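Spelled out from the first residue to the last, the chains are:
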Amino acid sequence: MGVNGVPKGSVAGLPTPPRALVMGVLNVTPDSFSDGGLWLEPERAIAHGHELLAEGADLIDVGGESTRPGAARPSEQEELRRVIPVVRALVEAGAQVSIDTMRARVAHEAIEAGAVLVNDVSGGLADPEMLPMVASSGVAYVSMHWRGFSDQMQSRAVYDDVVAEVIKGLRSRAEAAYAAGIPAERIAIDPGLGFAKTGEHNWTLLAALDRLTAVGHPVLLAASRKTFLGTLLSDPATGRPRRTVERDDASVAIAVLAARAGVWCVRAHAVRPTLDAVKVAARWGAEEAGTSP
Ligand code: PMM
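Below is a short write-up of the structure.

About the cut-offs
Residues numbered from 1 in each chain as written. Predicted model: local features only at pLDDT ≥ 70, side-chain atom pairs only at ≥ 80, totals over all residues. Heavy atoms only, no water. Helix = DSSP H or I, 4+ residues; strand = E, 2+ residues; numbered from the N terminus. Buried < 20%, exposed > 50% of the residue type's maximum accessible area, 1.4 Å probe, protein only. Pairing = 2+ DSSP bridges. Contact = heavy atoms within 4.5 Å. Axes fitted to C-alpha atoms, helices over the stretch in contact; angles between N-to-C directions. Phe/Tyr/Trp six-rings, centres within 6.5 Å; stacked < 30°, edge-to-face > 60°. Right-handed = clockwise from strand over helix to strand, strands pointing away.

## Some thoughts on the environment of Ala237
For step 1, the next point in the chain: Mapped onto the fold, Ala237 is located in the loop between helix H8 (227-232) and helix H9 (248-260).
For step 2, the next point in the chain: Note on Ala237: relative accessible area 73%, which makes it exposed.

Structure below.
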């Protein structure tokens, strides 16, 4: 585990504050599970991106494909139409933009528009062109643990030992990334909470974050507003899951615990409270370590 509250590792080419980074979520989709449809028009998406930037997001993660369980894929043309104007406008506004895509062509055009990070939830498995394209572009890469597209992933949530199998999968995809020419210092890993994982699997992985940070790449964690939090917070009277937009306090709690465990970056819908929380975790850890300002 890293020093409490201080991220374990950094990714070449990205900001390095002495705390976990906060990646703001900007889904330009009709159907993402928490904010789908809200920012589908480019102007609205750009305006929301400006809000995330003003709240202090270190990175803004622009995505045009919903990965909610069961979601259908948009065409490549449609994905490009959704994301490229948004990436361009936010880069012009001074943001560090991450492109959340499984398609090499979308990633390539986003990089041309100024994106500095490719966030590939398939770890390079969905598009054989992705790893070589990222290698030649020189940007940073997030490789997430993945077991297939959204229409099939829930049936693949079967593990004997979820932590060991996720770590094995992440190591094997990191090796594929090195083999394609992406330098190790540009790669972060992500256990992919909710992707071919039940809520129980997610909690098991969270409790084992120290084993993930020991793999040797900075760890990104994306728990914000996910279904397992809705289940945890379900109404005791009706059993109904907590609504997505009312899961931010729990998401912030996860962010602070993840920061304590040495996670490099947390992906969040509610940027301002998440940033406050990781600052608290870092200050607290510095006090413990005797390195406070
Ligand atoms: N989850 C979603 C989208 N992109 N990217 C990474 N690296 N890790 C994730 O777990 C992840 C992701 C789905 O959540 P959303 O609908 O709130 O964007």
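Let us keep going from here.
## Topic: the sheet that holds strand S7 (residues 220-221)
The strands making up a sheet associate through backbone hydrogen bonding, with each pair oriented either parallel or antiparallel.
For step 1, the next point in the chain: Read across the open sheet, the 8 strands follow the order S6-S5-S4-S3-S2-S1-S8-S7; overall the sheet is parallel. Each edge of the sheet is formed by a strand with only one pairing partner; in this case those strands are strand S6 (187-190) and S7.
For step 2, the next point in the chain: As paired strands, strand S3 (residues 97-100) and strand S4 (residues 117-120) are joined by 3 bridges and run parallel to one another. Residue pairing across strands places Ile99 opposite Val118, the latter belonging to S4.
For step 3, the next point in the chain: Along the sheet, helix H4 (residues 130-137) contacts S4 and strand S5 (140-144); its crossing angle with S5, the most-contacted strand, is approximately 155 degrees.
For step 4, the next point in the chain: Helix H5 (residues 162-180) rests against S5 and S6 of the sheet, and its axis sits at about 155 degrees to S6.

## Some remarks on the packing of aromatic side chains
For step 1, the next point in the chain: For the structure shown, the criterion picks out 2 aromatic pairs.
For step 2, the next point in the chain: Ring geometry for Trp146 versus Phe149: centroids 5.0 Å apart, planes at 85 degrees, classification edge-to-face.
For step 3, the next point in the chain: Note on Phe149: relative accessible area 23%, which makes it partly exposed.
For step 4, the next point in the chain: Geometrically, the ring pair formed by Trp203 and Phe228 is edge-to-face, given 5.0 Å between the ring centres and 70 degrees between the ring planes. Note that Trp203 is positioned in helix H6 (residues 199-206) and Phe228 in helix H8, a separation of 25 residues in sequence.

## Let's talk about the pairing of S6
For step 1, the next point in the chain: Taking every second residue as pointing to the same face, both faces of S6 are buried, with Ile187 and Ile189 on one and Ala188 and Asp190 on the other.
For step 2, the next point in the chain: As paired strands, S5 and S6 are joined by 4 bridges and run parallel to one another. Within the sheet, the bridge partner assigned to Val142 lies in S6 and is Ala188.
For step 3, the next point in the chain: Following the backbone out of S5, through H5 and into the adjacent parallel S6, one traces a crossover that is right-handed.

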